[in-house]
Amino acid sequence: RIAAIMVSLILTLIVLASIIYFMVDQIAGFFEDLPTINKRLDELSTILQKWIRETFNVTIRKQNQYWSDTLVKMRASGTNIIGTTVVSLTQAISYLVLLPIYTFLVLYYRDMIRKFLEEVFTDSKESQVKDILHESQAVSQSYILGLMIEMMLVFALNAAGFLIIGIKYPIFLALVAALLNLIPYIGMLVANIFCMVITLISCEVILLGDVLWVGIVLAVVQFIDNNFLMPMIVGSKVRINALATIVGVLVGGALCGVPGMFLSIPGLAILKVIFDRVTGLKPFGMLLGDEHFVDKRKKLRLKKIIPDAKS
């Protein structure tokens, strides 16, 4: 068992290290062009200031004053930002060190944990608990594996589209968009804004057509992902409605940051499995589900008013 757990952890760490190395390599190439990007930002800032002056009658001097005041306020709160950043980095390092240890111990004692959960309930509930544990395991495995496959396909489609339109940093932007796509709804919105802004500031001349094409590529890939990749790869194991998904992502982000956003959906799916199997909690499972319910009383009233109304 120890050898099997170690092999699983090592393979997982190798995959994560490969993704991080690839990201760092792409980010290094991006930072090499920072002087050119800064110059481009100055040009765009000048164009934006002229547009604001012509549109809203705000002089460039006043705009610079507003910007200077904002910088002063940001510097005033710089100590708090630095302190928060140090704490965040410390927590991230502790997670990287402790998470493999926690994972090893949970896998090593998983039979004991499962037996504990079975023994907590009465004999009449033992079979129900076993079914819930088995289905929860199937749901989480199906979702995580499907999500990894989906991420690789989305990355390949993004990269192909960006290479075809010929923008700068196509692989880097495709990887960022694929990773952000793992966060439902919110992630793809952030990816669109980020990729379009980077494309705008990295162009040697203003080419709004390239920015528009980036948005089109991401929209097409998102359409393919939502209607074909996600249903076929992840399947119907995880059927959570949009409202519960967004609330779950926000709560997961508030509790555990970015990792909480990634894990919120399988967590909700496991909760739905539990809710659907426990009699008193079935309404909560209905609230999380993606099924569409029709009020039968409304249908009967409609049929009385319009006899030929279709159900």
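Okay, so let's go over this structure. Being a predicted model, the structure only gives us computed values, none of them experimental. (Residues numbered from 1 in each chain as written. Predicted model: local features only at pLDDT ≥ 70, side-chain atom pairs only at ≥ 80, totals over all residues. Heavy atoms only, no water.)

## Topic: the packing of helix 7 (residues 170-180) against helix 8 (residues 186-202)
Put simply, the rule is: Here the axes come from fitting lines to C-alpha atoms, over the contacting stretch only for helices, and the angles between their N-to-C directions go from 0 to 180 degrees. Each helix corresponds to a stretch of at least 4 residues labelled H or I by DSSP, and each strand to a stretch of at least 2 residues labelled E; elements are numbered beginning at the N terminus. An angle counts as roughly parallel when it lies under 35 degrees, as roughly antiparallel when it exceeds 145, as roughly perpendicular when it falls between 65 and 115, and as oblique in every other case. Less than a right angle of anticlockwise turn of the near helix away from the far helix marks a crossing as left-handed, whereas a clockwise turn marks it as right-handed. We call two residues in contact whenever any of their non-hydrogen atoms come within 4.5 Å of each other. Classification used: nonpolar for Ala, Val, Leu, Ile, Met, Phe, Trp, Tyr, Cys and Pro, charged for Asp, Glu, Lys and Arg, polar for all others including Gly.
The interhelical angle for the contact between helix 7 and helix 8, taken along N-to-C directions, is 165 degrees, at an axis separation of 8 Å. With respect to helix 8, the element helix 7 is oriented roughly antiparallel. At the point where helix 7 passes helix 8, the crossing takes the right-handed sense. Within the contact between the two elements, helix 7 uses F172, L173, V176, A177 and L180 and helix 8 uses G187, M188, V190, A191, F194, C195, I198 and T199. Each residue belonging to the contact of helix 7 with helix 8 can be placed in one class, and the counts come to 11 nonpolar, 2 polar and no charged.

## A word on the pattern of salt bridges
Quick reminder of the rule: Within this document, salt bridges are pairs made up of a side-chain nitrogen of Lys or Arg and a carboxyl oxygen of Asp or Glu, the two lying within 4 Å of each other. Burial classes follow relative accessibility: with a 1.4 Å probe on protein chains only, a residue under 20% of its type's maximum area counts as buried, one over 50% as exposed, and anything between as partly exposed.
Enumeration according to the criterion identifies 6 salt bridges in this entry. The salt bridge partner of R277 is D131, with a shortest N-O separation of 3.9 Å. Of this pair, R277 sits in helix 10 (residues 242-277) while D131 is found in helix 6 (residues 123-165), placing the two residues 146 residues apart along the sequence. With a relative accessible area of 39%, D131 lands in the partly exposed category. As a salt-bridge pair, E135 and R277 come within 2.6 Å of each other at their nearest N and O atoms. Of this pair, E135 sits in helix 6 while R277 sits in helix 10, and the two are 142 residues apart along the sequence. R277 sits in the partly exposed class, given a relative accessible area of 33%.

## Quick notes on helix 10
Put simply, the rule reads: In this analysis, the expected span of each helix is defined as 1.5 Å times one less than the number of residues it contains. The angle between axes fitted to the seven-residue stretch ending at a residue and the seven-residue stretch beginning at it gives the bend at that residue. N or O atoms within 3.5 Å of each other form a polar contact, as long as, within protein, one can give a hydrogen and the other can take it, and as long as residues adjacent in sequence are counted only when both atoms are side-chain atoms.
Taking 1.5 Å of rise per residue, the 36 residues of helix 10 would be expected to cover 52 Å, yet its terminal C-alpha atoms sit only 22 Å apart, more than 12% below that figure. At C256, helix 10 shows its largest kink, close to 145 degrees, and the proline P259 lies no more than four residues downstream. A distance of 3.1 Å separates the backbone nitrogen of L243 from a side-chain oxygen at the start of helix 10, and that oxygen is part of N241.

## Quick notes on the environment of I144
Positionally, I144 belongs in helix 6. I144 gets classed as partly exposed once you look at its relative accessible area, which sits at 37%. Distance from I144 to L263, taken between C-alpha atoms, is 9.1 Å for residues 119 residues apart in sequence.

## Considering unusual backbone geometry
For Y169, which is not a glycine, the phi torsion comes out positive at approximately 55 degrees. For Y169, the position within the fold is in the loop between helix 6 and helix 7.

## Things to note about the environment of C195
With respect to the helices and strands, the residue C195 is situated in helix 8. Along the sequence, C195 and A177 sit 18 residues apart, while their C-alpha atoms lie 7.6 Å from each other. Ignoring sequence-local partners within four residues, the contact set of C195 consists of L173, A177, V214 and L218.

## Side note on the packing of aromatic side chains
The following threshold applies: Any pair of Phe, Tyr and Trp rings, taking the six-membered ring for Trp, is counted once the centres come within 6.5 Å. Such a pair is stacked with planes under 30 degrees apart, edge-to-face with planes over 60 apart, and tilted for the rest.
For the structure shown, the criterion picks out 7 aromatic pairs. Aromatic pair F22 and F155: ring centres 6.4 Å apart, planes at 85 degrees, arrangement edge-to-face. Of the two residues, F22 is situated in helix 1 (residues 2-32) and F155 in helix 6; the sequence distance between them amounts to 133 residues. With a relative accessible area of 31%, F22 lands in the partly exposed category. When its relative accessible area of 23% is taken as the criterion, F155 is described as partly exposed. Arranged with centres 5.8 Å apart and planes meeting at 50 degrees, the rings of F275 and F284 form a pair that is tilted. Since its relative accessible area comes to 45%, F284 is described here as partly exposed.

## Overview of the environment of F162
Mapped onto the elements of the fold, F162 is located in helix 6. Judged by relative accessible area, which is 0%, F162 ranks as buried.

Keep in mind that these numbers describe shape and distance, not what the molecule does.
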